[in-house]
Amino acid sequence: MTAALKGLKVLDFSTLLPGPFATLYLADLGAEVIHIESPTRPDLVRLLPPYANGQATSHSYLNRNKQSIALDLKDPQSIELIKQKISEFDIVVEQFRPDVMRRLGLDYQTLAEINPKLIYCSITGYGQTGSYKDKAGHDINYIALSGIAGHSGRQDSGPPPMGIQIADVAGGSLHAVIGILTAVVERQRSGLGQYIDISMTDCAVALNNMAASASLAGGQKQHVESEHLNGGTFYDYYETQDGRYLSIGSLEPQFMTGLATVLELPILLEKGASFDLDDRKNVKQALREKIKTQSLAEWQKVFSTLDVCVEPVLKLDEALDSSLAKQRQWVVEVPLNVNSDQTEPQLACPIKFSRSVAEYQYIGQGLGDGKW
């Protein structure tokens with residue numbers, strides 16, 4: 001068994017989260033990733049606590065399997081070195097604001113003249129065109145502008161600050177991987193590379209999918225706590241006696257019937273599928289009162305053998321130590337370097353193949369410790 005992307009070579013100029021997470025997937029799946037970093041302005045992820053084994057845990061994870069090369073991109077000799085080597089590469093990933101790479105002499109047009117097969121992916125907040133293209137932004141801004149935050153959260157408290165970076169990762173990182181691998185497949189037919197413009201905001205908008213379909217084609221405006229999946233029905237989180245939470249997603253008739261039976265709540269069968277707002281509120285109130293009567297552990301015992309779409313809201317440390325985590329191998333031990341017997345626990349690559357494997361060669365390297 002071999003890694004599926006073995007043979008692809010990636011030159012990665014990105015920092016922080018979106019680009020590095022994208023190239024982490026490529027590296028885990030076998031691509032050779034050369035990560036170019038400034039020797040004087042380190043990636044801020046390197047400075048982000050907590051630390052383990054002498055460096056930031058986020059850096060060690062996001063940059064595993066990658067070679068770290070320190071180059072000053074303001075030095076003409078560094079630019080010349082990159083141009084000399086660019087014919088060896090299949091893919092470039094960069095995350096600067098639009099026009100920065102052109103000013104450095106490392107834009108797609110320049111590098112494609114040297115290597116016409118080059119696939120070049122730019123990840124930005126707002127894309128390469130439009131009035132927002134030069135604006136600064138973060139995940140919270142992209143989610144706000146995409147409409148996601150506008151129909152998420154509670155009516156009395158507004159949009160929730162999320163525990164993960166939705167636009168950065170589901171928007172930027174994963175769409176970049178899709179675009180890059182699509183271009184690799186297309187290159188097999190055309191023999192040519194191409195440029196990929198990934199806007200994290202564009203991609204976050206696409207994550208609205210069903211809500212946007214209802215709004216665009218159905219003329220149904222989206223509001224907080226108004227739809228089936230955003231708190232408008234009993235599909236929601238419910239507090240337990242000990243201040244923990246259960247997730248209840250028993251929307252389909254067979255699951256709703258099972259839930260109503262075990263909780264002894266006939267109102268759920270009578271009005272659980274109702275479109276009337278008062279009915280929905282009454283069903284949710286009945287569930288709130290019922291779930292509040294027992295602790296999370298007690299409810300887990302009740303639902304552990306039932307197939308009704310009810311699961312505990314786990315804290316991250318609980319999730320990573322759960323039986324499901326062990327069964328599905330969510331966590332792997334990664335060597336500190338290629339010759340080390342010491343390891344660091346990290347999240348595994350979640351993509352599982354019948355013939356190919358993910359590789360975990362070493363954690364993120366120290367600045368400039370790599371070779372190319």
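Residues numbered from 1 in each chain as written. Predicted model: local features only at pLDDT ≥ 70, side-chain atom pairs only at ≥ 80, totals over all residues. Heavy atoms only, no water.

J.: I tried to follow the overall build of the protein on my own but got confused; where do I start?
T.: On a plain count of helices and strands, the protein comes out with 15 helices and 13 strands. With the C-alpha coordinates aligned to their principal axes, the bounding extent of the protein is approximately 75 × 50 × 40 Å. Per-residue burial over the protein gives 45% buried out of 372 residues. In the structure as shown, the protein presents an accessible area of about 19,800 Å², 54% of it carried by carbon and sulfur atoms. The protein carries 34 positive and 44 negative side-chain charges, and their two centres are separated by 2 Å. (Helix = DSSP H or I, 4+ residues; strand = E, 2+ residues; numbered from the N terminus. Buried < 20%, exposed > 50% of the residue type's maximum accessible area, 1.4 Å probe, protein only. Areas by Shrake-Rupley, 256 points an atom, 1.4 Å probe, with all protein chains shown as cover. Lys, Arg positive; Asp, Glu negative; His and termini not counted. Charge placed at Lys NZ, Arg CZ, Asp CG, Glu CD.)

J.: Before we go on, may I ask you to explain helix α10 (residues 253-263) in this structure?
T.: Each α-helix winds once per 3.6 residues, and so residues spaced three or four apart point in a common direction. Turning to α10, its buried residues number three or more, namely Phe255, Met256, Leu259, Ala260 and Leu263. Each buried residue of α10 lies within a common arc of 130° when the element is viewed along its axis, so the set occupies one face. Residues of α10 that are exposed and point over 90 degrees away from its buried face: Pro253, Gln254 and Thr261. Contact partners of the buried residues in α10: β10 (245-248), α11 (266-271), α12 (277-291), α13 (296-303) and β11 (310-312). Backbone geometry just downstream of α10 places glutamate 264 in the positive-phi region, at approximately 55°. (Arc of directions from axis to C-beta. Contact = heavy atoms within 4.5 Å.)

J.: Mind showing me how you'd approach the pattern of salt bridges here?
T.: Pairing is possible between side chains of opposite charge, provided their charged atoms come close. Enumeration over the complete set of coordinates arrives at 16 salt bridges. Aspartate 12 is the salt-bridge partner of lysine 66, the closest N and O atoms lying 4.0 Å from each other. Taken together, the residues lysine 66 in strand β5 (residues 66-70) and aspartate 12 in strand β1 (residues 9-12) connect sequence positions 54 residues apart. By relative accessible area, which is 1% here, lysine 66 ends up buried. When the shortest N-O distance is used, the salt bridge between arginine 154 and glutamate 225 registers 3.1 Å. You can see arginine 154 sitting in the loop between α6 (139-146) and α7 (166-190) and its partner glutamate 225 sitting in the loop between α9 (209-216) and β9 (236-239), a full 71 residues away along the chain. Via salt bridges that share partners, Arg154, Glu225, Asp236 and Lys284 belong to a single interconnected network. (Salt bridge = Lys/Arg side-chain N within 4 Å of Asp/Glu carboxyl O.)

J.: Is there a simple way to think about the packing of aromatic side chains in this case?
T.: Two aromatic rings are characterised by how far apart their centres lie and by the angle between their planes. With the rule as written, the count across this model stands at eight aromatic pairs. Between tyrosine 126 and tyrosine 142, the ring centres sit 5.3 Å apart and the planes meet at 85°, which makes this aromatic pair edge-to-face. Placement of the pair is tyrosine 126 in the loop between β7 (119-124) and α6 and tyrosine 142 in helix α6, with a sequence separation of 16 residues. Across this residue pair, the class does not change: tyrosine 126 and tyrosine 142 are buried. Three or more aromatic residues link up through ring pairs in this structure, and these residues are Tyr108, Tyr120 and Tyr195. In this structure, lysine 9 is placed above the aromatic ring of phenylalanine 89, and the distance from its NZ or CZ to the ring centre is 4.9 Å. (Phe/Tyr/Trp six-rings, centres within 6.5 Å; stacked < 30°, edge-to-face > 60°. Lys NZ or Arg CZ within 6 Å of the ring centre and 35° of its normal.)

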